[in-house]
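# Coordinate analysis (summary)
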Amino acid sequence: MKLVVALPLLLSSLLAVSSMAKDFDFFYFVQQWPGSFCGTSQGCCFPDTGKPAADFGIHGLWPNYAQCQGRQGLAARAMLGGADVAAVISAVGRRGKCWPEYCDDGNALRPWAIRDLVRSLEQNWPTLSCKGNGRSFEFWSYEWKKHGTCSNLEQRDYFASALAVKAAHNLTEILAGAGIVPSESETYSVSSVSEAIAQGTGFKANLECNRGAAGEAQLFQVYQCVDKEAKQLIDCPLSMPTKCRGDSIKLPVF
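In its Sequence similarities (unreviewed entry) section, UniProt records this for the protein: "Belongs to the RNase T2 family."

In C-alpha cells, the structure reads:
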C-alpha cells in the first residue's frame, strides 16, 4: 500500500522538476570558429559532407537561467507546486542548476521533422568532433536531446530559430567589416572583437577563447543571448570567464 501511495508522489515530483526546467530566462546562441576548434593539439574531423566553409558554425541554442537555481529556490518552487521537496532536490542535485537540460529523454530527434532544413544545417551547423564519425545528425540529435527538449519549441522550430538568428547576424562578415579577419600571424584585442560584435549586432555578447597547438589564445566561441521566444538578440544578462590570455587573440585561418 505504501508503494502505491509513494509512486504518484514520485511521479508528481519528477513532473515538477521537468516543468521547472523549462522555465528558463534566455537562450545562449553559441557559435564557434572552426579554425580555433581544429587548431588545437587535439585537432578535428570534418563531417561526411566535406570541409565546412571558413565561417562561424553553430554549436547550439541553449536555454539558460539568469541566476543559478540553488537549493532554496528549488525548494520554494517545489512547495508552491505541491511537489515533494526532498525528491526535487535529490533529482536536480544539492547545488541546483545553472541551466535546464535533458528535459524529455524520450523525445528523440526525428529526421523527417527537419528534412527541409538539412542542407542549411549541414552548411551552418556542421560537426567537427571526431567522436561522431562525421555524422552531423548525431551532433544535432545530441543538442536537441540536451538543450532543445528544454526550449519549449518543436523540433523543426528549434533548429529553424537557430538558423534564422545566425543568418540575421553574420559574425564572419561583422568582424571582417571591422578589419578582424583570419590570419596566421595577426592578433586582435579582445575588446576590439567585443566592440565589433556589439556594433554589428546592436547587442553585447560573451566571448570564449581556447589555446592553439602552440599555446596561443584563439577566439573560439561567441555566446550571443536571445530572448525566450528564440527570435531576438538581447544584451547578455550574465558575464562569463573568457579564458582569453592577456588582451591579444588570434582568429586562425581555416
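Bringing the packing of aromatic side chains into the picture now. Applying the stated criterion to the full structure yields twelve aromatic pairs. Between F137 and W140 the ring centres are 6.3 Å apart and the planes differ by 80°, which places this aromatic pair in the edge-to-face class. One end of the pair, F137, and the other, W140, are both in helix α6 (residues 136-146), three residues apart, so they sit about a helical turn from each other. On the basis of relative accessibility, which here comes to 29%, the residue F137 falls in the partly exposed class. By relative accessible area, which is 3% here, W140 ends up buried. Centroid distance Y158 to F159: 5.1 Å. Interplanar angle 85°. Geometry classified as edge-to-face.

Here the focus is the layout of surface pockets. Each pocket or cavity is described by its volume, and for the largest pocket that value is around 400 Å³. It is α6 that provides the largest number of residues to the lining of the largest pocket, a total of five residues. Of the residues in the lining of the largest pocket, the class split is six nonpolar, seven polar and six charged.

With respect to burial, strand β1 (residues 26-32) is a largely interior element, seven of its seven residues being buried. Here β1 shows no split at all, with F26, Y28, V30 and Q32 on one side and F27, F29 and Q31 on the other all buried. Here seven bridges tie β1 to strand β2 (residues 57-64), and the two strands are oriented antiparallel to one another. Counted as the bridge partner of F27 is P63 from β2. By the bridge criterion, six bridges tie β1 to strand β5 (residues 217-226) in an arrangement that is antiparallel. Across the sheet, residue Q32 finds its bridge partner in β5, namely Q221.

Right, let's get into unusual backbone geometry. At Y102, a position not held by glycine, the phi torsion is positive, near 50°. Examined against the element boundaries, Y102 turns out to sit in the loop between α4 (85-92) and α5 (118-124). The exposure class of Y102 is partly exposed, given its relative accessible area of 33%. Backbone geometry at K243 places phi at a positive 60°, although glycine is not the residue there. Structurally, K243 is set in the loop between β6 (233-234) and β7 (248-249).

As used here, a disulfide is simply a covalent bond connecting the sulfur atoms of two cysteines. All chains considered together, the criterion is met by six disulfides. With its sulfur 2.0 Å from that of its partner, C38 forms a disulfide with C44. Handedness here is read from the sign of the S-S torsion; for C38 and C44, about 95°, the answer is right-handed. C38 gets classed as buried once you look at its relative accessible area, which sits at 16%. The partner cysteine of C209 in its disulfide is C244, sulfur to sulfur 2.0 Å. Looking along the S-S bond of the C209-C244 disulfide, the torsion reads about 80°, which is the right-handed sense. You can see C209 sitting in strand β4 (residues 206-211) and its partner C244 sitting in the loop between β6 and β7, a full 35 residues away along the chain. For the pair C209 and C244, one class covers both residues: buried. Once the bonded cysteines of the protein are numbered in order along the sequence, the disulfide links fall as 1-2, 3-7, 4-5, 6-8, 9-12, 10-11.

Moving on to the UniProt feature "active site" (unreviewed entry) in the protein. The UniProt record annotates "active site" (unreviewed entry) at H59, E143 and H147. Spatial clustering of the annotated residues is evident: they stretch over 89 residues in sequence, but the largest pairwise C-alpha distance comes to 11.2 Å. From this annotated list, the subset lining the largest pocket comprises H59, E143 and H147. Position of H59 relative to the elements: it lies in strand β2. With near-sequence residues (within four places) excluded, H59 lies in contact with V30, Q31, Q32, W125, F139, E143 and Q221.

Cut-offs applied
- Residues numbered from 1 in each chain as written.
- Predicted model: local features only at pLDDT ≥ 70, side-chain atom pairs only at ≥ 80, totals over all residues.
- Heavy atoms only, no water.
- UniProt positions renumbered as here; feature names shortened; annotations may be inferred.
- Phe/Tyr/Trp six-rings, centres within 6.5 Å; stacked < 30°, edge-to-face > 60°.
- Helix = DSSP H or I, 4+ residues; strand = E, 2+ residues; numbered from the N terminus.
- Buried < 20%, exposed > 50% of the residue type's maximum accessible area, 1.4 Å probe, protein only.
- 1 Å grid on protein atoms, 1.4 Å probe; cavity = no way out; pocket = protein on both sides within 12 Å on 5 of 7 lines; lining within 4 Å.
- Points joined across faces, edges and corners; volume = space filled by probe spheres on them.
- Nonpolar A, V, L, I, M, F, W, Y, C, P; charged D, E, K, R; others polar.
- Pairing = 2+ DSSP bridges.
- Disulfide = S-S within 2.5 Å.
- Contact = heavy atoms within 4.5 Å.

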